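# Inside the fold
Listed here are the chains, written in short residue letters.
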Amino acid sequence: MNMLEFIRHAAGQRQTAQEVMRGYDQGYCIRKRSNDPRSRWIVAMGPVAVIAMAHCCLFETGGARSVHRLCEHLARYGIVIGSDEVASSDLGHQLRLLSLVLDSPDAESGMLVLPPFDTRAAARPGDRA
């Protein structure tokens, strides 16, 4: 049971009694389905986690890529979502709120994931200062 409590504490959204405090935790990967204390935990990433995943997924690509690439990246962490499901999911909602996607009829899934940071100027391992 201690392992479950640790995972809930490390990956879960902070459970607060005050509604105004709920927005302070944005790096979660799991959250309660509703405010009811008995509700189930679901996989749903907060804004900081979504930005981190988008960055890690696109870091070496040099630009926008299909949402299919993000789905493959998430699958390596055990988070399985089909590229056709993203647009109507909580993940798709977060991506849109953060302006990390473009709707593109040319992309295989209809959405392109945009890099959250300009990585061209970022220092790479082995670069000299």
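Residues numbered from 1 in each chain as written. Predicted model: local features only at pLDDT ≥ 70, side-chain atom pairs only at ≥ 80, totals over all residues. Heavy atoms only, no water.

## A few points about the overall build of the chain
Rules: Put simply, DSSP marks the helices as runs of H or I at least four residues long and the strands as runs of E at least two long, and each gets a number from the N terminus on. Exposure is judged per residue with a 1.4 Å probe applied to protein chains only, and the accessible area is read against the type maximum: over 50% gives exposed, under 20% gives buried, and values in between give partly exposed. Contacts between residues were defined by any pair of non-hydrogen atoms, one from each residue, lying within 4.5 Å. Exposure was quantified through the Shrake-Rupley algorithm and a 1.4 Å probe, taking into account, for residues, occlusion by the shown protein chains and nothing else.
Broken down by element type, the chain carries four helices and five strands. In the chain, the order of α-helices and β-strands from amino to carboxyl end is α-β-β-α-β-α-α-β-β. The buried share of the chain, reckoned over its 129 residues, is 34%. Here the contacts in the chain between residues at least 6 apart in sequence split such that 38% fall between residues at least 24 apart. Surface exposure of the chain reaches about 8900 Å², of which carbon and sulfur atoms provide 54%.

## Brief notes about a nonpolar patch on the surface
Here is the rule: Exposure above 30% relative accessible area and the absence of a salt bridge qualify a residue for a patch, where like charges join within 9 Å and nonpolar side chains (Val, Leu, Ile, Met, Phe, Trp, Tyr) within 5 Å. By definition, a salt bridge exists where a carboxyl oxygen of Asp or Glu is found within 4 Å of a side-chain nitrogen of Lys or Arg.
On the surface, a cluster of nonpolar side chains totalling about 340 Å² of accessible area is made up of M3, F6 and I7. Given the relative accessible area of 41%, I7 is considered partly exposed.

## Describing the pattern of salt bridges
If you walk through the whole model with that rule in mind, you get one salt bridge. The salt bridge partner of R96 is D103, with a shortest N-O separation of 3.0 Å. Residue R96 is classed as partly exposed on the basis of its relative accessible area, which comes to 37%. Classification of D103 as exposed rests on a relative accessible area of 55%.

## Things to note about the nonpolar core
Test applied: Only buried residues count toward a nonpolar core. Its members are Ala, Val, Leu, Ile, Met, Phe, Trp, Tyr and Cys residues joined through side-chain atoms within 4.5 Å.
Core analysis: the biggest nonpolar cluster contains 20 residues, and M45, L70, L74, V86, L91, L95 and V113 have the highest contact counts within it. At the level of elements, helix 2 (47–58), helix 3 (67–75), helix 4 (90–97) and strand 5 (111–113) are the ones that each hand at least two residues to this core. Considering each element in turn, this core owes the most residues, six residues, to helix 2. Apart from residues no more than four positions distant in its own chain, L70 is found in contact with M53, A54, C57, L91, L95 and V113.

## Here we look at the confidence of the model for the chain
What counts, and what does not: pLDDT is a residue-level measure of predictor confidence that goes from 0 to 100.
Overall, the predicted model of the chain reaches an average pLDDT of 81, with 86% of residues at or above 70. Between the elements of the chain, mean pLDDT differs from a low of 75, seen in helix 1 (residues 2–11), to a high of 93, seen in helix 3.

## Let's talk about the layout of surface pockets
If you roll a probe as big as a water molecule over the atoms, it shows you where there is empty space left. To be explicit about the condition: For cavity detection a 1 Å grid was placed over the protein atoms alone, and a set of points counts as a cavity when a 1.4 Å probe fits there but cannot get out; an open set counts as a pocket when protein lies on both sides within 12 Å along at least five of seven lines, with lining residues being those that have an atom within 4 Å of a point. Grid points are joined across faces, edges and corners, and a volume is the space filled by probe spheres set on the points. The classification used treats Ala, Val, Leu, Ile, Met, Phe, Trp, Tyr, Cys and Pro as nonpolar, Asp, Glu, Lys and Arg as charged, and all other residues, Gly among them, as polar.
Within this model, the largest pocket holds a volume of roughly 180 Å³. Lining the largest pocket, in full, are V43, A44, M45, V50, L74, I79, V80, I81, S89, D90, L91 and Q94. The greatest single-element share of the lining of the largest pocket, amounting to three residues, is contributed by helix 4. Among the residues forming the lining of the largest pocket, the class breakdown is nine nonpolar, two polar and one charged.

## Side note on the sheet that holds strand 4 (residues 101–103)
Here is the rule: When DSSP finds at least two bridges between two strands, those strands are taken to pair.
Across the sheet, which stays open at both edges, the three strands sit in the order 3-5-4 with antiparallel pairing between neighbours. The two strands at the open ends of the sheet, each matched to only one other strand, are strand 3 (65–66) and strand 4.

## A closer look at the environment of P116
Tracing the sequence through the fold places P116 in the segment after strand 5. Judged by its relative accessible area of 25%, P116 falls in the partly exposed class. For P116, the contacting residues outside a window of four places in its chain are I51, A54, H55 and L100.

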